[in-house]
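# Examination of the molecular architecture
Now for the letters of each chain:
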Amino acid sequence: MAPDMELEPRYSTREIPGRCIKCLAEEQYRDCFRQLLKGGRENEELRETYEAVVALLKSPELQKLRDESERHLAEGRDVKVVLHLGEGEPRYEIKVC
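An account of the accompanying structure is given in this report. (Residues numbered from 1 in each chain as written. Predicted model: local features only at pLDDT ≥ 70, side-chain atom pairs only at ≥ 80, totals over all residues. Heavy atoms only, no water.)

## Concerning the pairing of strand β2 (residues 79–84)
Most of β2 sits inside the fold, with five of its six residues counted as buried. Taken together, the three bridges between strand β1 (residues 5–7) and β2 define a ladder with antiparallel strand orientation. Its bridge partner lying in β2, glutamate 6 is registered against valine 82. Looking at chain direction, β2 and strand β3 (residues 91–96) are connected through six bridges and run antiparallel. Of the residues in β3, the one forming a bridge with leucine 83 is tyrosine 92. (Buried < 20%, exposed > 50% of the residue type's maximum accessible area, 1.4 Å probe, protein only. Helix = DSSP H or I, 4+ residues; strand = E, 2+ residues; numbered from the N terminus. Pairing = 2+ DSSP bridges.)

## As for the packing of helix α1 (residues 21–37) against helix α2 (residues 44–58)
Running from N to C, α1 and α2 point in directions that differ by 145 degrees, and their axes come no closer than 9 Å. The hand of the α1/α2 crossing is left-handed. Only Leu46, Arg47, Thr49, Tyr50, Val53, Val54, Leu56 and Leu57 of α2 make contact with α1, whose side of the interface consists of Lys22, Ala25, Glu26, Gln28, Tyr29, Cys32, Phe33, Gln35 and Leu36. A class-by-class count of the residues in the contact of α1 with α2 yields 11 nonpolar, three polar and three charged. (Axes fitted to C-alpha atoms, helices over the stretch in contact; angles between N-to-C directions. Left-handed = near helix turned anticlockwise from the far one by under 90°. Contact = heavy atoms within 4.5 Å. Nonpolar A, V, L, I, M, F, W, Y, C, P; charged D, E, K, R; others polar.)

## Some thoughts on the packing of aromatic side chains
Counted according to the given criterion, the structure contains three aromatic pairs. Each ring, one from tyrosine 29 and one from phenylalanine 33, has its centre 6.0 Å from the other, and the planes form 10 degrees; the classification is stacked. Of the two residues, tyrosine 29 and phenylalanine 33 are both situated in helix α1; the distance of four residues between them amounts to about one turn of the helix. Tyrosine 29 sits in the partly exposed class, given a relative accessible area of 27%. Members of the aromatic cluster, joined through ring pairs, are Tyr29, Phe33 and Tyr50. (Phe/Tyr/Trp six-rings, centres within 6.5 Å; stacked < 30°, edge-to-face > 60°.)

Right, here's the structure in full:
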């Protein structure tokens, strides 16, 4: 079973470019896809992670997660979106600090 995955969206500053939750998920998708193509097909954990990211990108929950995380970021809070990977459908949770 793959471990939970944390995505940390950020606003852009002069020094650091920000990324929304969708951009982070797309980046994770590309990384997993590359690893699978390089021969990681037998790696069950990598496949689970890939499938969870694809499910997030296709999910109607993505826009809601994006809106909520950006609202918290606008309030100056740190945000993590946690993808709980495991049996059945992945679950999503927003943690605000």
